[in-house]
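Listed below are the residues making up each chain.
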Amino acid sequence: MTDLSYLTATADKLTRRHFFGRSAPGLGTAALASLLGRDAQANNPLPVSHIAPRAKRVIWMFQSGAPSQMDLFDYKPRLAEFHKQELPASIRMGQRLTGMTSGQSSFPVVASKFKFAQHGQSGTWVSEMLPHTAKIVDEMCLIRSMHTEAINHDPAITFIQTGSQLPGRPSFGSWVDYGLGTMNEDLPAFVVMISNGATKGQGLLARLWGSGFLPSQHQGVKLRGVGDPVLYLSDPQGMDRQGRRQMLDGLAELNGMQYQDVGDPEITARIAQYELAFRMQTSVPELMDLSHESPHTFELYGEDSKKPGTYAANCLLARRLVERGVRFIQLYHRDWDHHGGLPDRMVQQCKETDQASAALVMDLKQRGLLDDTLVIWGGEFGRTVYCQGAITDTTYGRDHHPRCFSMWMAGGGVKPGMVLGETDEYSYNIVSNPVHVHDLQATILNQLGLDHTRLTYRFQGRDFRLTDVHGKVVSEVLA
């Protein structure tokens, strides 16, 4: 007997009245909704908005590998005077180094090769490498005083995405989904897309958008740029949609009986995910179909927006996801890890990302979506002012630097056209308004209407939260 015939026979024997206590023609009825609506973690009632939200959704354009702040956003004109001079010990202050520069006997300062200019009514300094971003500075809140604790990529990315340097904690998007739920029944609440630079750069593990110890229905769903957008979404060969529906109904009966016996919350999560996948068979192809986008839109995002899997195409899809009610959209773009050959590689990275990043903000604004969409741009840490390896007249490299880096936000109730924080003349230490990673996390949750101290989940006998026991809302950036 085939799996399908077995399930069909089982479903015939185990009527919906037997399982749910009432007749039901199909999934999605009140009975099933009641089952799936039970919070799978009885001791963890879902929180509601703690404060008035300013944003309904988040788009996080994560620049994996760590963009160099003094080459893009943190203008330091005096570096030209210090170029090739040894970094003073009073500035470095014995900072621990990565294994890539700890063996260097010299730490010469390297000035940025790129020119800076002021833009917009705010007069924000921006590198010549970001001409499109320069056009939206009056929409941006630029934070130049971000800092973190991790000095290597994996723990640093894990820290900013999950609140812990150690793997196993829920990702940011999972916390948001757990706290607020979905706004669209036909698409995931948390979607992830990845694009690559010329050399791909640091790897990105699925646990970065995983649900950790939260129920698995809160994990991010990765959309692929090549082939099927979501693996295993298409019906198996030889199965039509009616057969798929019949199979899922049978599975729901069996899973429901098992849930009644053992009460494992992952069972209800499994039922919910099967149902979401079934609905996504219609919603995802419609999402990915860009044929109805106007020529003006492709011009705005750039020619690459027509190529699936590129950063520009993912930015355009992010806007389409926003329009369809997706709560949390995580874009990753790799290859910002410029230990050597920074000038040439920076040119390529900015060419791939600058126009689309700015276009997304402009597109959201013109459609009336920016006010309640929080857009975030930045990486996991910054880069050193001293050179890694040898300096030449044409090239240089920079190592990891957690003490200070730059990020920007737009929309979602943050102040437009402002700059927060200041670093010293070497862009090495913060001298005013430091913003820790946990502070950023608390602020993002605040804009979504969630108090980071109350968004908790009981696991292994203690209450966990995204910000652990740290973090404060950065009120200076709030409109």
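Residues numbered from 1 in each chain as written. Predicted model: local features only at pLDDT ≥ 70, side-chain atom pairs only at ≥ 80, totals over all residues. Heavy atoms only, no water.

## Focus: the side chain of Asp354
Secondary-structure assignment places Asp354 in helix H13 (residues 342-366). The buried charged residue Asp354 lacks any salt bridge partner; its closest oppositely charged side chain belongs to Lys135, at an N-O distance of 7.9 Å. Contact partners of Asp354, with chain neighbours within four places excluded, come to Met129, Leu130, Pro131, His132 and Thr133. (Helix = DSSP H or I, 4+ residues; strand = E, 2+ residues; numbered from the N terminus. Buried < 20%, exposed > 50% of the residue type's maximum accessible area, 1.4 Å probe, protein only. Lys, Arg positive; Asp, Glu negative; His and termini not counted. Salt bridge = Lys/Arg side-chain N within 4 Å of Asp/Glu carboxyl O. Contact = heavy atoms within 4.5 Å.)

## A short note on the packing of helix H12 (residues 311-323) against H13
The N-to-C vectors of H12 and H13 enclose an angle of 15 degrees; their axes lie 8 Å apart at closest approach. By the angle class used here, H12 and H13 are roughly parallel. Pair H12 / H13 crosses with right-handed handedness. Of the residues in H13, those in contact with Tyr311, Ala312, Cys315, Ala318, Arg319 and Val322 of H12 are Glu352, Thr353, Ala356, Ser357, Leu360, Asp363 and Leu364. Tallied by class, the residues present in the contact of H12 with H13 amount to eight nonpolar, two polar and three charged. (Axes fitted to C-alpha atoms, helices over the stretch in contact; angles between N-to-C directions. Parallel < 35°, antiparallel > 145°, perpendicular 65-115°, else oblique. Left-handed = near helix turned anticlockwise from the far one by under 90°. Nonpolar A, V, L, I, M, F, W, Y, C, P; charged D, E, K, R; others polar.)

## A short note on H12
In an α-helix, one turn spans 3.6 residues, which is why side chains three or four residues apart end up on the same side. In this model, H12 (13 residues) spans 19 Å end to end at C-alpha, consistent with the 18 Å of a helix rising 1.5 Å per residue. Among the 13 residues of H12, twelve are classified as buried, and the element is accordingly described as predominantly covered. For H12, every residue scored as buried is listed here: Tyr311, Ala312, Ala313, Asn314, Cys315, Leu316, Leu317, Ala318, Arg319, Arg320, Leu321 and Val322. Positive backbone phi, approximately 85 degrees, marks Gly325, located one or two places after H12. (Expected span 1.5 Å × (residues − 1).)

## Some thoughts on the packing of helix H7 (residues 153-162) against helix H14 (residues 437-447)
With their axes 9 Å apart at the nearest point, H7 and H14 run at an angle of 30 degrees to one another. If you check the angle between H7 and H14, you find them roughly parallel. Counted together, Phe159, Ile160 and Thr162 of H7 and Val437, His438, Leu440 and Gln441 of H14 form the full contact between these two elements. Taken together, the residues that form the contact of H7 with H14 break down as four nonpolar, three polar and no charged.

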